[in-house]
Amino acid sequence: MQTSAVSHNVPIRTSKILFACTVSLAMVMAGCSNGSGTSSSSNTISSLTGSVSAPGGALAFNPPGKLEQLFASIFGKAAYADITGVSKVGSGVKIELIEVDSSGNKIGSTLASTTTGSDGSYTLTPPSNFTAASKYVIRASGTSQTQDVRVVAAGNDVDPISDAVSKLVASQITDLSKVSTDEIGTITDAVTSVAQGVDPTNLSASALSTALQTAAKNEEEVLNQITSTAAGGQICGNVKDASGTNLQNIVIMAMDYGNWVKRSQIKTDSSGNYCLNVPTGKDYILGAMNYTGTSTAA
């Protein structure tokens, strides 16, 4: 297929319909990243808020089963309890907004700083005209350990999962300009889906983050999601309902044609558009799944 891009318009109806298509990617295709690792809706942010959690808390939820883990990977991090054994930290934890290089090392001076309140929450005032991007990190520093979260929105919670995601991005992706904030969110969902298989007992914050990274690397589809983020091929398209209305937050998955192993996943934006990064030279099955509040159609 000697084209510079592959585009598909995928209709979604409220009845149960499965849409799939085979896509052959034989060359590097044009990307739709804006070149800064930001999302498609890069509005400026005047205030950054969130909370910091670390190992040592009481169990709040029972671990979900396999089906619930699948739902967590589709719906997002908030769908089920992220991980047992962690709770909000107290006051006085140092919080910094920084820019990092592809290895996760700090670049330049601190952009903003504060400390957590008694409930573990924080509020940062970033520089003017600040927009979320994968190159920005909020770092929480304790007496001997740190935890990071990539800045994807105005609200960013810092915990072992966010730290594991940040370090996985640093270890697996060499060009942050290719990683949008939407893709960081999808990677977070993927890591969350394996978090309940990690025992946090007696683990420090850094040790728990390391265990989560190992679990993610051992799950083929989770690792695929991370490494495909910076892949050279791309599949783009649009999702509409039966009346032609663009649909937001529809899950789009690309699976290897030969074995149906998930290679990449993203959600449609406010205009129903999506772009999936995938390795070139392969055939893919493309699926659109509507798990929004108005439908559970595929």
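Use the structure listed above.
Model, not experiment: these values are computed from the prediction.

A. Focus on the overall build of the chain. On a plain count of helices and strands, the chain comes out with five helices and 15 strands. Burial statistics for the chain: of 298 residues in total, 48% are counted as buried. Within the chain, residue pairs in contact and separated by at least 24 positions form 70% of the contacts whose partners lie at least 6 positions apart. Within the structure as shown, the chain displays about 13,300 Å² of accessible surface, and the carbon and sulfur contribution to it stands at 49%.

B. Expanded view of the pattern of salt bridges. Under the defined criterion, the tally for this structure stands at five salt bridges. The salt bridge partner of lysine 106 is glutamate 96, with a shortest N-O separation of 3.9 Å. In this pair, lysine 106 is assigned in strand 7 (residues 106–115) and glutamate 96 in strand 6 (residues 94–100), connecting sequence segments 10 residues apart. What makes lysine 106 partly exposed here is its relative accessible area of 38%. The shortest N-O distance in the salt bridge between arginine 263 and aspartate 256 comes to 2.9 Å. A relative accessible area of 12% means that arginine 263 is categorised as buried. Overall, aspartate 256 belongs to the buried group, its relative accessible area being 9%. Each of Lys94, Glu96 and Lys106 takes part in one network of salt bridges that share partners.

C. Structural context of the nonpolar core. One finds Val165, Val169, Val191 and Leu212 to be the most contacted residues of the largest nonpolar core, which totals 22 residues. Broken down by secondary-structure element, the contributors of at least two residues to this core are helix 2 (160–172), helix 3 (181–195), helix 4 (205–218) and helix 5 (220–228). Considering every element that reaches this core, the biggest residue donor is helix 3, with six residues. Within the second largest apolar cluster, 20 residues are counted, among which are Ala112, Ala132, Tyr136 and Val151.

D. Summary view of the state of the cysteines. Across all of its chains, the model carries one disulfide by this definition. Two residues share a disulfide in this structure: cysteine 236 and cysteine 275, whose sulfurs sit 2.1 Å from each other. The S-S bond linking cysteine 236 to cysteine 275 shows a torsion near 110°; that makes this disulfide right-handed. Pair noted here: cysteine 236 is in strand 11 (residues 233–240) and cysteine 275 is in strand 14 (residues 273–278), with a separation of 39 residues, a long-range link. Side by side, cysteine 236 and cysteine 275 carry an identical accessibility label, which is buried.

E. Highlighting the sheet that holds strand 6. Spatial strand order, 7-6-9-10: four strands in an open sheet with antiparallel pairing. With one partner strand each, in any of the chains shown, strand 7 and strand 10 (146–151) form the two edges of the open sheet. Taken over all neighbouring pairs, the strand axes of this sheet differ in orientation by 25° on average, direction set aside. Bridge count between strand 9 (residues 133–141) and strand 10: six bridges; the pairing is antiparallel. Within the sheet, the bridge partner assigned to isoleucine 138 lies in strand 10 and is valine 149.

F. Here's a closer look at the packing of helix 2 against helix 4. Helix 4 packs onto helix 2 with a crossing angle of 60° between their chain directions and a minimal axis gap of 8 Å. Here helix 2 lies oblique to helix 4, going by the angle between them. As helix 2 packs across helix 4, the resulting crossing turns out to be right-handed. On the side of helix 2, the interface is formed by Pro160, Ile161, Asp163, Ala164, Lys167, Leu168, Ser171 and Gln172, while helix 4 contributes Leu208, Ser209, Leu212, Gln213, Ala216 and Lys217. Across the contact of helix 2 with helix 4, the residue classes tally to seven nonpolar, four polar and three charged.

G. Layout of the packing of helix 2 against helix 3. Axis separation between helix 2 and helix 3 bottoms out at 9 Å; the angle between their running directions is 120°. In terms of orientation, helix 2 lies oblique with respect to helix 3. Helix 2 and helix 3 meet at a crossing whose hand is right-handed. Contact residues: helix 2 offers Ile161, Val165, Leu168 and Val169, while helix 3 offers Ile184, Ile187, Thr188, Val191, Thr192 and Ala195.

H. Representation of the packing of aromatic side chains within the structure. Summed over the entire model, instances satisfying the criterion amount to one aromatic pair. Look at phenylalanine 130 and tyrosine 136: their rings are 4.7 Å apart centre to centre, the planes differ by 50°, and that puts the pair in the tilted class. Here phenylalanine 130 matches tyrosine 136 in class, with each residue buried.

I. Up close: the environment of asparagine 105. For asparagine 105, the position within the fold is in the loop between strand 6 and strand 7. Distance in space between the C-alpha atoms of asparagine 105 and alanine 170 is 9.0 Å, their sequence separation being 65 residues. Setting aside its immediate chain neighbours within four residues, asparagine 105 contacts Glu99 and Val100.

Rules and cut-offs
Residues numbered from 1 in each chain as written. Predicted model: local features only at pLDDT ≥ 70, side-chain atom pairs only at ≥ 80, totals over all residues. Heavy atoms only, no water. Helix = DSSP H or I, 4+ residues; strand = E, 2+ residues; numbered from the N terminus. Buried < 20%, exposed > 50% of the residue type's maximum accessible area, 1.4 Å probe, protein only. Contact = heavy atoms within 4.5 Å. Areas by Shrake-Rupley, 256 points an atom, 1.4 Å probe, with all protein chains shown as cover. Salt bridge = Lys/Arg side-chain N within 4 Å of Asp/Glu carboxyl O. Core = buried A, V, L, I, M, F, W, Y, C linked by side-chain atoms within 4.5 Å. Disulfide = S-S within 2.5 Å. Pairing = 2+ DSSP bridges. Axes fitted to C-alpha atoms, helices over the stretch in contact; angles between N-to-C directions. Parallel < 35°, antiparallel > 145°, perpendicular 65-115°, else oblique. Left-handed = near helix turned anticlockwise from the far one by under 90°. Nonpolar A, V, L, I, M, F, W, Y, C, P; charged D, E, K, R; others polar. Phe/Tyr/Trp six-rings, centres within 6.5 Å; stacked < 30°, edge-to-face > 60°.

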